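Spelled out from the first residue to the last, the chains are:
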Amino acid sequence: MSSLPRRIIKETQRLMQEPVPGINAIPDENNARYFHVIVTGPNDSPFEGGVFKLELFLPEDYPMSAPKVRFITKIYHPNIDRLGRICLDVLKDKWSPALQIRTILLSIQALLSAPNPDDPLANDVAELWKVNEAEAIRNAREWTQKYAVED
Amino acid sequence: MDSDNEFLDNVDSGNVSSGDEGDEDFGMDVDPASSTERQLDTEEYQYKVLTTDEIVQHQREIIDEVNVVLKLSTPTTRILLNHFKWDKEKLFEKYFDGNPEEFFKCAHVINPFSKGTEAVRQKTTRNHPEECEICFSLLPPDSMTGLECGHRFCLTCWREYLTTKILTEGLGQTISCAAHGCDILVDDVTVTKLVPDTRVKVKYQQLITNSFVECNQLLRWCPSVDCTYAIKVNYAESRLVRCKCGHVFCFACGENWHEPVQCRWLKKWIKKCDDDSETSNWIAANTKECPKCSVTIEKDGGCNHMVCKNQNCKYDFCWVCLGSWEPHGSSWYNCNRYDEDEAKAARDAQEKLRSSLARYLHYYNRYMNHMQSMKFENKLYASVKQKMEEMQQHNMSWIEVQFLKKAVDILCQCRQTLMYTYVFAYYLKKNNQSMIFEDNQKDLESATEMLSEYLERDITSENLADIKQKVQDKYRYCEKRRTVLLDHVHEGYEKDWWDYTE
């Protein structure tokens, strides 16, 4: 594997030294571009109490292109589909090389607090979120209890 | 070339058009100089064919014209113009209309007159090293640069950022600052300065030229494959234009010249032919679904006792009532006693679908047929060429035998007109004028078929000498019929005769 760019080394160091509350990202021991991520569900959201596993990969041309991020833990959310893929502008056309792993993960955490059913990825979830928000939130809580809480 | 003037010399004096739309031409990609066009217009459609260099030049002229008034930097003016789709009147209107802050903000440019930029400049004259937010390197200020928005990154990162945007994302005039959430646009001079690679620069130039042509209402790329010319007009309209490459098309929509049908109907038609809506109509009109397993079934015989061919189903049912077949053979047969209204509604719906499908196929078949024939006429060009050579060996001069080629040209024009008359007719509601139109269409069609047959079959080596008069008579008649048809349609546009079905 080609040597790691200074940007990635520095970014990883800073991530370790000054961790963000509620977010934990650890590089894989065999691949410094692959991160095991844990995001805790934000308070006052239906995901509260949940511990969500994600994977994050820095592609070859990072930071010119965005990191690839995916939920591994199942989650009931209008902008996250069955495969854990995330619909978030900063991961797509609004990506800027001045953004970082840290800022991206914060954005994902914010997305959990503020689902956006008008820009859906999981259509059935988004639909329910729009027509019956109470039921959708109940589902999200149930899924959180079922899949994101360790016994 | 400035106009189609050079083709005027081919006009037959016999064809006098009174319409305003005298410049129709239906040439396929044939040699432009030999194509016949009626140029009997008093008011001619002015247009220019521009090379890529001329397009770039034209761009500069517009920028300069605006800058005489605004006195901004050239790159800034370019961004502003691009924002207003190169409509300088609109730019001036907005500029003098209101609030300059808003004006520059909308165009994603820092207001060059605002005081904020001063502060940015002062900040950037500091001496201590800065950290580039992209590569995290600590660098002296002269290795860092940025736009007026004040977001600074190192030269290497800028180069990489711009290269990615240009080569991978294909962005030109719309690349924004690399900072998150900053929508200030990178101007062309900055791009050229920061990107040393010629390949990337060339690509960038192509991208901004392309966006200039695409968003400018008075310009259109020639749609012909691999052609790099663009057509520039003084006012955008559905008119015939001929590129230097020989391709003839409609300026307004870019399709082949499609008189007499209008762009919007042609567009609908092409879409209709392309998507499979008619396939589903056919299925709806001609098939039913097995009441048990829902597989689609086409009835191909007279017997109404259907046995589903789906091996897992094999359901016996009645085609008429879709009920189980079992009672039909017995004394309690009640298929005929089905709810009258419901059955009638279902029959009517299917009948309607069938007739609308039949109507579409009627026009589609004729449209396709003329298109197909037009392709065959290319073969005719070859055989006519051979005959022309033979004739020249029979003591006829080159100029004397040109009538044969002209006859094929006219044949192609008539076919193209006929092809589009079927699109026009498909959307046309029946009225007195539409019946006149259909008569004209019929006359042109039979005249065209006669000319076609004559050119294909009746010219033999024996009669070469005396056919000239006959061929000329035939093609002049075709031309005449075509003119009559087109003039009538155009008169209808002016006098609002045409009603449409949709």
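Residue numbers run consecutively from 1 along every chain, following the written order of its sequence. Think of it this way: whatever chain is written first is A, whatever ligand is written first is 1, and the rest follow in order. Owing to the predicted nature of the model, reporting of local features is limited to residues with pLDDT of at least 70; listing and counting of side-chain atom pairs is limited to 80 or more, with chain, interface and lining totals taken over all residues. Excluding hydrogens and water, the side-chain values take into account all heavy atoms of the structure.

Q: Please provide a residue-by-residue account of the overall build of chain A, values included.
A: Secondary structure elements follow DSSP: runs of H or I of four or more residues count as helices, runs of E of two or more count as strands, with numbering from the N terminus. Looking only at helices and strands, chain A has four helices and four strands in total. Scanning chain A from its N terminus toward the C terminus, one meets helices and strands in the order α-β-β-β-β-α-α-α. Scored against the burial criterion, the 151 residues of chain A give a buried share of 47%. Contact between two residues is taken to exist if any of their heavy atoms lie within 4.5 Å; hydrogens are not considered. Of all intrachain contacts in chain A linking residues separated by at least 6 positions in sequence, the fraction that spans at least 24 positions is 54%. Per-residue accessibility takes into account occlusion by the displayed protein chains alone, with areas from the Shrake-Rupley method and a 1.4 Å probe. Approximately 8100 Å² of chain A is accessible, and the part contributed by carbon and sulfur atoms is 49%. Relative accessibility thresholds used throughout: buried, under 20% of the residue-type maximum; exposed, over 50%; partly exposed, between the two (1.4 Å probe, protein chains only).

Q: Describe the confidence of the model for chain B, and please don't skip the residues or the numbers.
A: How sure the predictor is of each residue is captured by pLDDT, a score from 0 to 100. Looking at chain B as a whole, its pLDDT mean stands at 82, while 82% of the residues score no less than 70. The model gives residues 1–42 of chain B a pLDDT under 50, and that stretch makes 117 contacts with residues more than four places away or in other chains.

Q: Lay out the interface of chain A and chain B with the relevant residues and their values.
A: Each partner contributes to the interface: chain A provides 14 residues, whereas chain B provides 14 residues. Note on terms: buried area is the combined drop in 1.4 Å-probe accessible area of two parts once they are placed together, counting the loss on both. Between chain A and chain B, the buried area comes to about 1200 Å², and carbon and sulfur atoms account for 60% of it. Of all residues in chain A, A:Arg7, A:Met64 and A:Ala98 give up the largest surface area on contact with chain B, accounting jointly for 42% of the area buried on that side. Criterion for a salt bridge: a side-chain nitrogen of Lys or Arg within 4 Å of a carboxyl oxygen of Asp or Glu. Where chain A meets chain B, there are one salt bridge. Of the charged contacts in the structure, one is a salt bridge between A:Arg14 and B:Glu131, with a shortest N-O distance of 2.6 Å. For the purposes of these results, a polar contact is taken to be a pair of N or O atoms within 3.5 Å, where, inside protein, one atom must be able to donate a hydrogen and its partner to accept one; residues adjacent in sequence count only when each atom of the pair is a side-chain atom. Inspection of the region where chain A meets chain B yields five residue pairs in polar contact (both at pLDDT 80 or more).

Q: Pulling in residues and values, what's your account of the nonpolar core?
A: Here the nonpolar core consists of buried residues drawn from Ala, Val, Leu, Ile, Met, Phe, Trp, Tyr and Cys, with membership extended through side-chain atoms lying within 4.5 Å. By size, the foremost hydrophobic cluster in this structure holds 49 residues, and its most contacted members are B:Trp269, B:Leu404, B:Val423, B:Phe424, B:Phe437, B:Leu455 and B:Val471. Every element with two or more residues in this core is listed here: α9 (263–274), α11 (340–393), α12 (398–426), α13 (432–458) and α14 (467–495) of chain B. No other element matches α12(B), which puts 17 residues into this core. Once residues lying within four places of it in the same chain are set aside, the contact partners of B:Leu404 are B:Val384, B:Lys387, B:Met388, B:Met391, B:Leu455 and B:Ile459. Ranked by size, the runner-up nonpolar core spans 39 residues in total, among them A:Leu54, A:Tyr76, A:Ala136 and A:Ala140.

Q: Describe the packing of helix α6 (residues 155–168) of chain B against helix α8 (residues 198–215) of chain B, listing the residues and the values that go with them.
A: Residue and element names in this part refer to chain B. Put simply, α6 and α8 touch, their axes get as near as 10 Å, and they point 55° apart. Between α6 and α8, the crossing angle belongs to the class labelled oblique. With respect to the hand of their crossing, α6 and α8 are arranged in left-handed fashion. Across the interface between the two elements, Thr163, Ile166 and Leu167 from α6 touch Arg199, Val200, Lys203, Tyr204 and Leu207 from α8. When grouped by side-chain class, the residues that make up the contact of α6 with α8 number five nonpolar, one polar and two charged. Interaxial angle, 0 to 180 degrees, is taken between N-to-C directions of lines fitted to C-alpha atoms, where a helix line uses only the stretch in contact. By the definition adopted for this analysis, an angle is roughly parallel if under 35 degrees, roughly antiparallel if over 145, roughly perpendicular if from 65 to 115, and oblique otherwise. Should the near helix be turned anticlockwise from the far one by less than a right angle, the crossing is left-handed, and should it be turned clockwise, the crossing is right-handed. Nonpolar residues are Ala, Val, Leu, Ile, Met, Phe, Trp, Tyr, Cys and Pro. Charged residues are Asp, Glu, Lys and Arg, and all others, Gly as well, are polar.

Q: Could you give me a rundown of the pairing of strand β3 (residues 51–57) of chain A, with the residues and numbers involved?
A: A strand pair is defined by DSSP finding two or more bridges across the two strands. Relative to β3(A), strand β2 (residues 34–40) of chain A runs antiparallel, the two sharing seven bridges. Considered in β3(A), the bridge of A:His36 is made with A:Glu55.

Q: Which residues make up the packing of α12(B) against α14(B), and what values do they have?
A: Residues and elements named next belong to chain B. One way to put it is that α12 packs onto α14 with a least axis distance of 9 Å and a crossing angle of 30°. Viewed along their axes, α12 and α14 adopt a mutual orientation that is roughly parallel. The hand of the α12/α14 crossing is left-handed. Facing Glu400, Phe403, Lys406, Ala407, Ile410, Gln413, Cys414, Thr417, Thr421 and Phe424 of α12, the residues of α14 in contact are Lys468, Val471, Gln472, Tyr475, Cys478, Glu479, Arg482, Leu485, Leu486, Val489 and Tyr493. Among the residues making up the contact of α12 with α14, the classes are represented as 12 nonpolar, four polar and five charged.

Q: Provide a residue-level description of the environment of B:Thr76, including the pertinent values.
A: Within the secondary structure layout, B:Thr76 lies in helix α2 (residues 74–83). The class of B:Thr76 is buried, set by a relative accessible area of 17%.

Q: Could you give me a rundown of the packing of aromatic side chains, with the residues and numbers involved?
A: Residues and elements named next belong to chain B. Pairs were defined over the aromatic rings of Phe, Tyr and Trp, the Trp ring being its six-membered one, requiring ring centres within 6.5 Å. Orientation was assigned from the angle between planes: stacked under 30 degrees, edge-to-face over 60, tilted for the rest. On inspection of all chains with the given rule, the structure shows 36 aromatic pairs over all chains. Ring centres 5.9 Å apart and planes at 15° place the aromatic pair Tyr315 and Phe317 in the stacked group. Residue Phe317 is classed as buried on the basis of its relative accessible area of 0%.

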